[in-house]
Amino acid sequence: MNTAVFKETVIKLDGQLDKLQEIAQSTGTQQDIVEIIKALKEKNQSKNFKVLVMGEFSAGKSTMINALIGEPILPERALTATAIITEIKYGADKKAVIYPIKGRWTGGDAPFEVPVTELRKYLLINHNIGDADGKDANTMEGNVIASPFERAEVFMPLDILKDGVEIIDSPGLNDPASHGDITHKYLPNVHAIIYCVNGLRAYSQSEKVVIENLILKHYTTPMFLVTRYDNVCEDNENSGGDPEELEIFRKTVTADLAKHTDLVKPQYTSMLDGNGIFFVSSRDAKKAKHSSPWNTELLKESGYQDFERYLSDYLIKCKGDELSKMIVEGIRTVGNDAIKSLNEQYNAADLSLEEFEQRIKNVKVRMESAKAQADLFVESFELELENALTELKSTCKALPKEAYDQIDTWRSTYQCSVKKEMLHPKRTAEAIAKEFEVHMQGQYESFTVDWTENVLKPEVSKKMKRIGEKLKNRAEDLDEGCQEGR
């Protein structure tokens with residue numbers, strides 16, 4: 001999806017959220033639901049589409065991002081490494097900007113620029129607190145190592161970051177030495193999640209709790225990266241190299257993670273050609289990209305080639321859809337809570353007049369909620385059509401190239417029927433040129449008709465079918481929501 005369409009979607013959704021806010025305030029909805037609407041508005045007003053990379057300590061988040069961008073700009077350590085949020089954005093020139101916490105850094109409070117090659121020392125957690133050199137002025141807060149910096153911005157000229165996409169590295173969860181709550185506080189600002197799972201301790205109980213909470217926050221389509229898969233394979237090799245045991249591991253972990261993402265459902269798997277769960281080796285991916293030229297075979301074996309292709313498709317096809325889906329979920333939550341609140345008021349009422357007024361309010365809330373959801377459904381349809389047109393434009397760009405590749409074939413089939421007049425060479429040449437032009441034009445028109453029938457028409461049919469399935473599923477979800485609210 002292009003930036004203009006994404007921003008237009010943001011504006012439309014913001015209007016729907018304003019209506020929700022009015023409904024919540026006029027019906028006395030609980031304060032926590034009002035806060036949900038406020039958080040959704042903040043998320044919707046973000047200029048960029050933020051993809052948060054999160055996971056437990058030592059799950060390989062920073063290593064994964066380094067492999068993804070092809071450069072070791074983020075710190076990687078056996079000990080806790082990342083101390084702050086790092087936002088990686090598109091920029092024609094490589095640079096990094098550090099934002100200090102007010103009053104915490106000896107260099108002052110103003111943001112400052114550093115070379116990307118020096119970024120690591122500002123992001124690292126210094127486990128030797130007494131050895132701080134002024135640039136790494138970490139402090140202890142109880143048992144937690146605290147950084148003097150709030151966040152960092154990194155600008156890189158990467159295609160995947162174009163069109164308003166950010167990749168965000170985060171401190172590890174479930175580690176006593178770092179501020180894991182930084183990640184949880186940042187979570188309401190993001191639109192999509194890549195969750196890294198350490199393959200050597202996949203799907204721990206603490207990890208399961210965190211992933212389940214993502215659904216409660218309306219993140220229904222996280223991607224999962226099972227990292228350190230090379231270590232898993234090495235352990236298997238050292239214990240006898242049983243391929244069946246390795247396959248059981250993959251199936252078990254996939255089944256556990258599939259419970260927590262809608263990306264395994266048909267409407268996504270058919271569109272993105274995958275289930276959003278990947279087993280990867282960041283170490284091999286980095287080796288492959290550091291080769292000159294890239295070692296494409298090693299990159300494929302690392303699992304990153306499939307993951308990068310999937311992520312690129314996801315960002316193109318789903319980023320507007322994911323945002324609108326979150327707002328729909330917010331609408332449903334607010335609508336159901338408002339109806340529940342009105343029912344409680346109705347049951348507590350003593351006078352028939354009050355009962356009548358409560359019923360009127362109840363109906364009004366349902367009508368407003370239904371209208372908001374209907375408007376979003378129509379906007380989703382328009383959004384899907386816009387996405388389909390964008391993809392079809394890309395398909396149509398292939399026609400001239402494919403036609404160009406056929407020129408030699410068409411030329412070889414030309415048979416001259418012009419009578420050659422020795423005394424009129426110019427007239428003969430013009431007649432031959434005209435005949436050849438008509439021949440080539442006919443070949444091109446015939447090729448275009450065949451290409452439209454065999455390439456473009458099936459692509460249009462597939463996209464229309466995909467749109468129909470997605471809208472049918474969404475309509476069923478809305479209907480279920482209405483049934484639940486009765």
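Report on the accompanying structure. Quantities reported herein were computed from a predicted structural model and do not represent experimental measurements.

## Thoughts on the overall build of the protein chain
A count of helices and strands for the protein chain gives 16 helices and eleven strands. Residue burial in the protein chain is summarised as follows: out of 486 residues, 47% are buried. Considering only intrachain contacts with a sequence separation of at least 6, the fraction spanning at least 24 residues in the protein chain is 75%. A total accessible area of about 24800 Å² is found for the protein chain, and carbon and sulfur atoms account for 53% of it.

## Points about the side chain of D284
Topologically, D284 is positioned in helix α10 (residues 282-290). For D284, a relative accessible area of 17% corresponds to the buried category.

## Here we look at helix α3 (residues 61-69)
Across the nine residues that make up α3, a large majority, nine, are buried. Taken as a whole, α3 has its buried residues at K61, S62, T63, M64, I65, N66, A67, L68 and I69. Of the residues one or two after α3, G70 is the one with positive phi, at around 80 degrees.

## Things to note about the sheet that holds strand β11 (residues 277-279)
Spatially, β4-β3-β7-β2-β8-β1-β9-β10-β11 is the arrangement adopted by the nine strands of the open sheet, whose pairing is mixed. Of all strands in the sheet, those bounded by a partner on one side alone are β4 (112-114) and β11. Across the sheet, the mean angle separating the axes of adjacent strands is 20 degrees when strand polarity is ignored. As paired elements, strand β2 (residues 85-90) and strand β7 (residues 149-156) share six bridges and run parallel to each other. Paired with K89 across the strands is F155, a residue of β7. Most of the contacts of helix α6 (residues 205-216) go to strand β9 (residues 192-198), to which it runs at about 170 degrees, and overall it touches β1 (49-55), β9 and β10 (223-227).

## Focus: the side chain of N236
Secondary-structure assignment places N236 in helix α7 (residues 229-238). Judged by its relative accessible area of 9%, N236 is buried. A polar contact is formed between the side chain of N236 and the backbone oxygen of D242, at a distance of 3.1 Å.

## Details of the pairing of β2
Most of β2 is tucked away: five of the six residues are buried. Relative to strand β8 (residues 165-169), β2 is paired through three bridges, and the arrangement is antiparallel. Note on β8: the bridge partner recorded for I88 is I167.

## Here we look at the environment of A96
Inspection of the secondary structure puts A96 in strand β3 (residues 95-100). Judged by relative accessible area, which is 0%, A96 ranks as buried. Between the C-alpha atom of A96 and that of V114, which follows or precedes it by 18 residues, the distance is 5.4 Å. A96 has contacts with F112, E113, V114, V116, L119, E153 and V154, leaving out every residue within four places of it along the chain.

## Points about the pairing of β10
Burial runs high along β10: five of the five residues are buried. Burial of β10 is two-sided: the residues M223, L225 and T227 facing one way and the residues F224 and V226 facing the other way are all buried. Pairing geometry for β9 and β10, over five bridges, is parallel. Each bridged residue has a counterpart across the sheet, and for V197 the counterpart in β10 is V226. In the classification by handedness, the crossover that spans β9, the intervening α6 and the parallel β10 is right-handed. Judged from the three bridges that link them, β10 and β11 form a sheet pairing that is parallel. By the bridge assignment for β11, L225 is matched with F278.

## Details of the packing of aromatic side chains
Taken as a whole and assessed by the stated rule, the structure comprises 15 aromatic pairs. Each ring, one from F278 and one from F307, has its centre 5.7 Å from the other, and the planes form 65 degrees; the classification is edge-to-face. Of this pair, F278 sits in strand β11 while F307 is found in helix α12 (residues 304-348), placing the two residues 29 residues apart along the sequence. The residues F278 and F307 share a single accessibility class, namely buried.

## Some thoughts on the pattern of salt bridges
The final tally for this structure, using the stated rule, is 22 salt bridges. Measuring nitrogen to oxygen at the nearest pair gives 3.9 Å for the salt bridge that ties E166 to K89. Taken together, the residues span a long stretch of sequence, with E166 in strand β8 and K89 in strand β2 at a distance of 77 residues. Across the pair, exposure class does not vary: E166 and K89 are buried alike.

## Observations concerning the nonpolar core
In terms of nonpolar packing, the biggest core is built from 52 residues, with M64, I194, L225, Y304, F307 and Y314 touching the most fellow members. In terms of residues, this core owes the most to one element, α12, which gives seven residues. Those residues in contact with Y304 that sit more than four places away from it in its chain are M64, A67, L68, L225, V280, S281, S282, A285 and L299. Core analysis: the second largest hydrophobic core is formed by 25 residues, L173, Y186, F224 and V232 among them.

Conventions used here
- Residues numbered from 1 in each chain as written.
- Predicted model: local features only at pLDDT ≥ 70, side-chain atom pairs only at ≥ 80, totals over all residues.
- Heavy atoms only, no water.
- Helix = DSSP H or I, 4+ residues; strand = E, 2+ residues; numbered from the N terminus.
- Buried < 20%, exposed > 50% of the residue type's maximum accessible area, 1.4 Å probe, protein only.
- Contact = heavy atoms within 4.5 Å.
- Areas by Shrake-Rupley, 256 points an atom, 1.4 Å probe, with all protein chains shown as cover.
- Pairing = 2+ DSSP bridges.
- Axes fitted to C-alpha atoms, helices over the stretch in contact; angles between N-to-C directions.
- Polar contact = N/O pair within 3.5 Å; in protein donor to acceptor, adjacent residues only side chain to side chain.
- Right-handed = clockwise from strand over helix to strand, strands pointing away.
- Phe/Tyr/Trp six-rings, centres within 6.5 Å; stacked < 30°, edge-to-face > 60°.
- Salt bridge = Lys/Arg side-chain N within 4 Å of Asp/Glu carboxyl O.
- Core = buried A, V, L, I, M, F, W, Y, C linked by side-chain atoms within 4.5 Å.

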